[in-house]
Amino acid sequence: MSSWKLTVLAPRRVIEAALLAHEDAFDWDAEIVISGSEIAEDRPDDWQLEAWLPRKPNNQDRDLVAALFAGLRPRFQQEKVPDTDWLTHSQQGLEPIRAGRFYVHTPEHPPLAEPGLRDICIPASQAFGTGQHATTAGCLEMLGAMKKRGVVVRNCADIGTGTGLLAFAALHLWPHALATASDIDAVCLDVVDDNARANGIATGARGGELTMLVADGMEHPLLQARGPYDLVIANILAGPLIHLAPHFAQVMVPGGNLLLAGLLETQEAGVRRACRRAGLRIAGRLVNGDWSILWLRKRGGF
């Protein structure tokens, strides 16, 4: 079976918007794998979107990718490529993330093994997001800041966990906490299980262990039953964050902590408005690139 690639060159803001549109495209053809990246280190505003297909692209395929560009008609470069696992290949070569107390890398990069630095190895996989490195690093930094400021976590949930990375980080910082991770994509069950095993994270239902679920937002009886939470993490997208803000607040203890990411800085005001309406107040924020990372607390104790 032949493999093909479509490439679109555009400014960074255009490619990032297309990546966000892809995340919202519920009817997306799962055989088409999307990735976005800068073209060269010395050209940070020149980006490319690459779409890998297990067939020669037809007009319907091109129209599907073009629809990510909000009415613009992109110019495609099309090429046949050697057969390989493009889902994994598209994620290989990712640079390690060093954020606060954490060093996150793929198996292609060796661990640093520095004192006080938690090494986490996350291989390329179906659950590894595209274009979200700044949000992931920002969440890791913010989790470390929470710990430094004396936040105590006994019960946490990571919503939209993907690879399980942020749940692993939370368990490192609060090793006796009950921990629940969930994702809407069932493939994440095996991905998180494999990554937990590779990183020495215990799975199970007791303190210090991770329970993994498949759930759409907070819609799972076990997510509800394991609450209330004193830490909820959600590194997803601005739209779902706005929708889920009141649901997050409902399952948090008074004074509980909410860590939100996956929103562009331009989307921050809308997310914060939704959180204020839900009784959540800002406790900290940082901006990493174009992305905002928000730490909020539920009214009732600070």
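Throughout what follows, the structure given in this document is the object of discussion. Just so it is clear, the structure is predicted and the values come from calculations on it, not from any experiment.

Focus on the overall build of the protein chain
For the protein chain, the count of helices and strands is 9 helices and 14 strands. Against the 2.2 N^0.38 benchmark of 19 Å for 302 residues, the protein chain shows a C-alpha radius of gyration of 19 Å, consistent with a compact globule. Viewed in the frame of its principal axes, the protein chain has a C-alpha envelope of about 55 × 40 × 40 Å. Long-range pairs, those at least 24 residues apart, make up 66% of the contacts in the protein chain with a sequence separation of at least 6. Side chains of the protein chain give 29 positive and 35 negative charges; the mean places of these two sets differ by 10 Å.

Looking at the sheet that holds strand β10 (residues 210-214)
Pairing is mixed in the open sheet, where 7 strands are placed in the order β10-β9-β8-β11-β12-β14-β13. Among the strands making up the open sheet, the edge pair consists of β10 and β13 (280-288). Adjacent strand axes in the sheet meet at a mean angle of 15°, parallel and antiparallel pairs treated alike. Lying on the sheet, helix α8 (residues 238-250) is in contact with β8 (155-159), β11 (229-235), β12 (252-264), β13 and β14 (291-298); it crosses β12 at an angle near 175°.

Looking at the sheet that holds strand β7 (residues 118-121)
Spatial ordering of the open sheet is given by β5-β6-β7, a layout of 3 strands whose pairing is mixed. Looking at which strands have only one partner, the edges of the open sheet turn out to be β5 (97-99) and β7. When the angles between neighbouring strand axes are averaged without regard to direction, this sheet yields 15°. Summarising the sheet, β5 and strand β6 (residues 102-105) pair through 3 bridges and their orientation is antiparallel. Within the sheet, the bridge partner assigned to Ala 99 lies in β6 and is Phe 102.

What counts, and at which threshold
Residues numbered from 1 in each chain as written. Predicted model: local features only at pLDDT ≥ 70, side-chain atom pairs only at ≥ 80, totals over all residues. Heavy atoms only, no water. Helix = DSSP H or I, 4+ residues; strand = E, 2+ residues; numbered from the N terminus. Rg over C-alpha atoms; globule rule 2.2 N^0.38 Å. Contact = heavy atoms within 4.5 Å. Lys, Arg positive; Asp, Glu negative; His and termini not counted. Charge placed at Lys NZ, Arg CZ, Asp CG, Glu CD. Pairing = 2+ DSSP bridges. Axes fitted to C-alpha atoms, helices over the stretch in contact; angles between N-to-C directions.

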